[in-house]
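Survey of secondary and tertiary structure
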Amino acid sequence: MQIVIAASECVPFAKTGGLADVVGTLPPELAKLGHEVTVYLPFYLQARQRLQGELNYAIRSLTIPFRYYNRFAGIVDGGKRGGVQYYFVDCPELYDRPELYGPRGGEYGDNAERFGLFCRAVVEAAKQLGVPQVFHLHDWQTALIPVYLRTVYAADPALLGAGTVLTIHNAGYQGWFPPATTEQLLFPWEIFTMDRLEQYDRFDFLKGGVVYSDMLTTVSRKYAEEIQTAEFGNGLEDVFRRRAADLRGILNGVDYSRWNPETDRHLAAHFNAGDLAGKRECRKDLLHAFGLGAVEENVPVIAIVSRFAAQKGIDLMAQVADALASRDVAVVVLGSGDPYYENFFRSWVFRHPGNVAARLSYDEALAHKAEAGADMFLMPSRYEPCGLNQIYSLRYGTVPVVRATGGLDDTVEEWNAETSTGTGFKFLNYSSEDLLAAVDRGLEAFRNQDGWVRLMRNGMAQHYGWEKPARQYAEVYEEVAQKRA
Ligand code: ADP
Ligand code: GLC
């Protein structure tokens, strides 16, 4: 099948979170299955730096109309990698900026225009470079593609057979803009109603995608259920319920060629389930990198690697911060985002300089070192559509302590010392007591090193490769093609 994947992030070109990992890995896996896959991305500054050299334009200029003016977008040919064709939508005045979405976890004021243009440019480019059987879209930034296809392009004979799948990686980000966005992006006003794109007097990109796509997926089974409830639907629960028959939960895979303790190029030493000696080295290296070299040998190390956003449960961490640091543990934190949370981590380090350390930045190498060198990985998310870090942790023998939500619940099983089964520690209620109790169960288990090694090995034996999810997506594409036939 011919598949066009459009997204706002993709490794190695542009990344702020797990979306980039997924969009970087799924397409080559689909290509391996024999599909013809094309990926469209905005030509951000990050991507421009990555490509370097002479740019090759597949299309020199597309005219993208807005209400009172036109913009002009080129399509840069990024060539083929791993059997996948990459194209970039080039519009320097919109994308040639230091950040993908806005400064310090915030938003650029013209994001409606930036991603509105991206959506329309992908449709126009596909008309010249190849209309696929299925457009596979990801999150709010690309959610207007199905809306364009079924409204202003509905009569276009070139696009008639094209179906759409929208994958929701995070219903907490919907792309909310003023009602006038409808006109600015040249949609008819009739789509601005509560059963289509309006959400309480806001123009809602994601809602449009949910209403107009042929099929929907989320990135875990549990999250597909959760978003149909008021706690997790972020106001779209009714729309998700209406589309429940077309909604699938497909758990993300991870890229074991990049996240494998036997080969990871960022590590001081390598290890695997059979030979764990290298993990000791990695622990030393990690503590050293965080300036905690003085922490004693048998003290458990807890790692946190996260975007600093409300989703990640940082308010819960703040509530238990002092109690946790007063236990016999070392804590290393790597992350960036909301300045409010960055300040919390600064103050935590300030109060416990001997055993809490933080790097408030984005650092790929350090993220790998943290996965490898820690004993436990803490992820108390308020909600987590899938979560990749806990899956990386499992492979690195770093025991996840997680809240039982979304993909965290689907990938971590509570340790049972009696039967020696399970892979980590989970708590259900979003409460600081329950979080601390889960950490304490972990610390208790850590005291019995034989049991602990068994627990680590249980996790290391888990396999979350891309083979299965790629097949599941291919099945969804088939369903879409049948609907459109
Ligand atoms: P989300 O996409 O919600 O942020 P995921 O767990 O799906 O959560 O993915 C996060 C990805 O971003 C992982 O690959 C993780 O290693 C990476 N990451 C997050 N914060 C940092 C950071 N400060 N430095 C390096 N990598 C990070
Ligand atoms: C989103 C979610 C995260 C998921 C990632 C990739 O960023 O927050 O849970 O793993 O997308 O699907």
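The structure we're discussing is the one just above.
Notes on the structure follow. As the structure is a prediction and not an experimental result, all values here were calculated from the model.

Conventions and cut-offs
Residues numbered from 1 in each chain as written. Chains lettered and ligands numbered in written order. Predicted model: local features only at pLDDT ≥ 70, side-chain atom pairs only at ≥ 80, totals over all residues. Heavy atoms only, no water. Helix = DSSP H or I, 4+ residues; strand = E, 2+ residues; numbered from the N terminus. Near = heavy atom within 4 Å. Polar contact = N/O pair within 3.5 Å; in protein donor to acceptor, adjacent residues only side chain to side chain. Areas by Shrake-Rupley, 256 points an atom, 1.4 Å probe, with all protein chains shown as cover. Pairing = 2+ DSSP bridges. Axes fitted to C-alpha atoms, helices over the stretch in contact; angles between N-to-C directions. Contact = heavy atoms within 4.5 Å. Right-handed = clockwise from strand over helix to strand, strands pointing away. Nonpolar A, V, L, I, M, F, W, Y, C, P; charged D, E, K, R; others polar. Domains from an automatic or database assignment. Salt bridge = Lys/Arg side-chain N within 4 Å of Asp/Glu carboxyl O. Buried < 20%, exposed > 50% of the residue type's maximum accessible area, 1.4 Å probe, protein only.

**A closer look at unusual backbone geometry**
- Here valine 11 and proline 12 are connected by a cis peptide whose omega angle stands at 5°.
- Secondary-structure assignment places proline 12 in the loop between β1 (2-6) and α1 (18-32).
- Phi at leucine 186 takes a positive value of approximately 65°, unusual for a residue other than glycine.
- Checked against the element boundaries, leucine 186 lands in the loop between α6 (181-184) and β9 (203-204).

**Notes on the site of ligand 1**
- Surveying the vicinity of ligand 1 reveals 23 residues, the closest of which are Gly18, Asp21, Arg307, Lys312 and Leu388.
- Take aspartate 21: an N or O atom from its side chain is 2.8 Å from an oxygen atom of ligand 1.
- Here ligand 1 loses 93% of its free accessible area of 560 Å² to cover by the protein chains.
- When residues of the shell around ligand 1 are traced back to their parent elements, those giving at least two are α1, β12 (301-308), β13 (330-337), α14 (364-373) and α15 (389-395).
- Element by element, the count of residues in the shell around ligand 1 is highest for β12, at three residues.

**Some thoughts on the sheet that holds β1**
- Taking strand neighbours across the sheet as the criterion, the nine strands line up as β3-β4-β5-β2-β1-β6-β7-β10-β11 in an open arrangement whose pairing is mixed. Taken across any chain shown, the strands that pair with only one partner, and hence form the sheet edges, are β3 (57-65) and β11 (247-249). This sheet shows a mean twist of 25° between the axes of neighbouring strands, independent of strand direction.
- In this structure, strand β6 (residues 134-138) lies alongside strand β7 (residues 163-168), joined through five bridges in parallel fashion. Counterpart to histidine 138 in the pairing with β7 is threonine 167.
- Each of β1, β2 (36-42), β3, β4 (70-81), β5 (84-90) and β6 touches helix α4 (residues 111-129); the most contacted strand, β3, lies at about 125° to it.
- Across the sheet, helix α19 (residues 467-484) is in contact with β1, β6, β7, β10 (215-218) and β11; its angle to β7 comes to roughly 140°.

**Details of the pairing of strand β14 (residues 356-359)**
- Across four bridges, the pairing between β13 and β14 is parallel. Along β14, the bridge assignment pairs valine 331 with valine 356.
- Viewed along the sheet, the connection from β13 through helix α13 (residues 339-351) into β14 turns out right-handed.

**Focus: the site of ligand 2**
- Taken together, 14 residues lie around ligand 2, and His169, Asn252, Gln311, Glu384 and Gly387 are the ones closest in.
- In the environment of ligand 2, an oxygen atom lies 2.6 Å from a nitrogen or oxygen atom belonging to the side chain of histidine 169.
- A distance of 2.8 Å separates an oxygen atom of ligand 2 from a polar atom in the side chain of asparagine 252.
- Contact with the protein chains removes 93% of the 310 Å² of surface that ligand 2 exposes when unbound.
- Element by element, the count of residues in the shell around ligand 2 is highest for α1, at three residues.
- Here the shell around ligand 2 is built from residues that sort into six nonpolar, six polar and two charged.
- Each of domain 1 (2-253 + 466-484) and domain 2 (277-460) contributes no fewer than three residues to the shell around ligand 2.

**What about the pattern of salt bridges?**
- In total, this model carries 32 salt bridges according to the counting rule given.
- A salt bridge links glutamate 183 to arginine 67; the nearest nitrogen and oxygen atoms lie 3.0 Å apart. Linking glutamate 183 in helix α6 with arginine 67 in the loop between β3 and β4, this pair joins segments that are 116 residues apart in sequence.
- Taking the relative accessible area as the measure of exposure, glutamate 183 reaches 25% and is therefore partly exposed.
- Residue arginine 67 is classed as partly exposed on the basis of its relative accessible area, which comes to 40%.

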